[in-house]
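Listed below are the residues making up each chain.
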Amino acid sequence: MTSKIWGGRFQSATDAILEAINVSIEFDKRLGPQDVRGSLAHVAMLAETGILTREDAVSITRGLEQIRGEIEEGSFVFSRALEDIHMNVEARLAEIIGPVAGRLHTARSRNDQVATDFRLFVRDTIDDLDAQLADLQQALAEKALEEAGSVMPGFTHLQSAQPVTFGHHLLAYVEMIGRDRGRFRDARARLDECPLGAAALAGTSFPIDRDFTAARLGFARPTANSLDSVSDRDFVLETLSAAAITATHLSRFAEEIVLWTTPQFAFVALSDKFTTGSSIMPQKRNPDAAELVRGKTGRIIGALQALLIVMKGLPLAYSKDMQEDKEGTFDSLDSLSLCIAAIAGMTRDMSVDRVKMRKAAGAGYATATDLADWLVRTLGLPFREAHHVTGRIVAIAAERGVGLEKLPLAEMQNVEPRISQDVFSVLGVEKSVRSRTSHGGAAPSNVRKQAKRWLRQLEKERN
């Protein structure tokens, strides 16, 4: 006869291959703190409703508190033979308090138990990630305020387009991270329901109080349908989706750091803290932290894809396929946490070469749009005609090998006779940037205002 806790009807031991594929304790032991929290709430409810005697509840609670301490201090011994975190905790509880431990599982199943544990874990992790993302916004906004007036080229197609400032560029990522935090908050709000009490799939005949359990665990309410309670992994998918989008934003910034630190750009430099050397080329300083953020994004996106594929064909309610929800999620959220820390660290560490940025901002006739706008605003040309006139003037400047601000007025007047000396008031890169005062524009005054607004908001959140 099998010795498994669930093995009452089984006459022989399971095959070693089934043991190998079925066991999950190597990864779901991370749910130990949440498993104990859920069990403590469950036993409190069983006592409150009279399903358990107060004496049994006190004994079980005492044993669970001891287990919680063992898990926290790292002395808890996890057994592969016991399959998962739930059986490990229950077996240890029986060692501590004896047969009364078996009463803990009254009116619940591992199905609703794991759904509760995992929701608690994801909720805890979202809170941790939100704090990290707020810190990243802080780092970006502080650097943006420092570099509000540092002119750099703005790019489209990775070609010089119009001058912006480095501060304005960094604030774009502050906005992205703000949306990322919003997506995590949305996911958290929807997962804030407690599955405990749904049992295996149909609920229970015991007179349980699911509102009591939900409140005890800090959930807003119990889940409404027992089938959905144990088969739902939307809360993981939403969180992984938010993680994938966040990682994509971090990867874009990481790619820019990789570009900016090349000798060809040389816009920023990273210290020894965030770079490595080469085993053969002694001059090298490699932005490995940024490259690894870029690389790990694939793992984070992959975890979302993997779980979507697991879930897409499952009938209600629980299937063992759903055990595959955890490893990818743990890895994805761990990787994201590390990437956020790396990007925040590099943001604070980087030094900016304002001279190089300013020189690059003037290359590629980046003030051509300013000239076209001047023709529209001052001479009343339709924009399409102004665009054409500007293109001809740019071609002349390129042929002469000079910037627009260095092209003689007479050369411009050969194209459009009404152009006056006033045109030079818009052709310098600093003048161009200062003129971008529309809401959300790149003017240093705007950048300072927005950076300060974000810093005030983040300070308010902390308080």
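Whatever comes next refers back to the structure up there.
What you are looking at is a predicted structure, and each value in this text was computed from that prediction instead of being measured.

A. Structural context of unusual backbone geometry. That bond from L316 to A317 is cis: its omega, 10 degrees, falls within 30 degrees of zero. Phi at L158 takes a positive value of approximately 60 degrees, unusual for a residue other than glycine. Here L158 lies in the loop between strand 1 (151-156) and strand 2 (159-165). Note on L158: relative accessible area 52%, which makes it exposed. Despite not being glycine, A266 has its phi angle at roughly 55 degrees, a positive value. Mapped onto the fold, A266 is located in the loop between helix 10 (234-260) and strand 5 (268-269). Looking at A266, the relative accessible area reads 18%, which means it is buried.

B. Quick look at the pairing of strand 1. Pairing of strand 1 with strand 2, which is carried by 6 bridges, proceeds in the antiparallel orientation. Across the sheet, P153 pairs through a bridge with P163, a residue of strand 2. Hairpin connection between strand 1 and strand 2: a loop of 2 residues separates the two successive antiparallel strands, and H157 in this loop has a positive phi of roughly 60 degrees.

C. Fine view of the pattern of salt bridges. The tally for this structure, following the rule as stated, stands at 34 salt bridges. We note a salt bridge from R92 to E95, for which the minimum N-O separation is 3.0 Å. Highlighted residues: R92 and E95, both in helix 5 (residues 85-97), separated by 3 residues, approximately one helical turn. On the basis of relative accessibility, which here comes to 23%, the residue R92 falls in the partly exposed class. On the accessibility criterion, E95 (60% relative accessible area) is exposed. A salt bridge links D127 to R188; the nearest nitrogen and oxygen atoms lie 2.7 Å apart. With D127 in helix 6 (residues 110-146) and R188 in helix 7 (residues 166-191), the pair connects residues that are 61 residues apart, well separated along the chain.

Cut-off values and rules
- Residues numbered from 1 in each chain as written.
- Predicted model: local features only at pLDDT ≥ 70, side-chain atom pairs only at ≥ 80, totals over all residues.
- Heavy atoms only, no water.
- Helix = DSSP H or I, 4+ residues; strand = E, 2+ residues; numbered from the N terminus.
- Buried < 20%, exposed > 50% of the residue type's maximum accessible area, 1.4 Å probe, protein only.
- Pairing = 2+ DSSP bridges.
- Salt bridge = Lys/Arg side-chain N within 4 Å of Asp/Glu carboxyl O.

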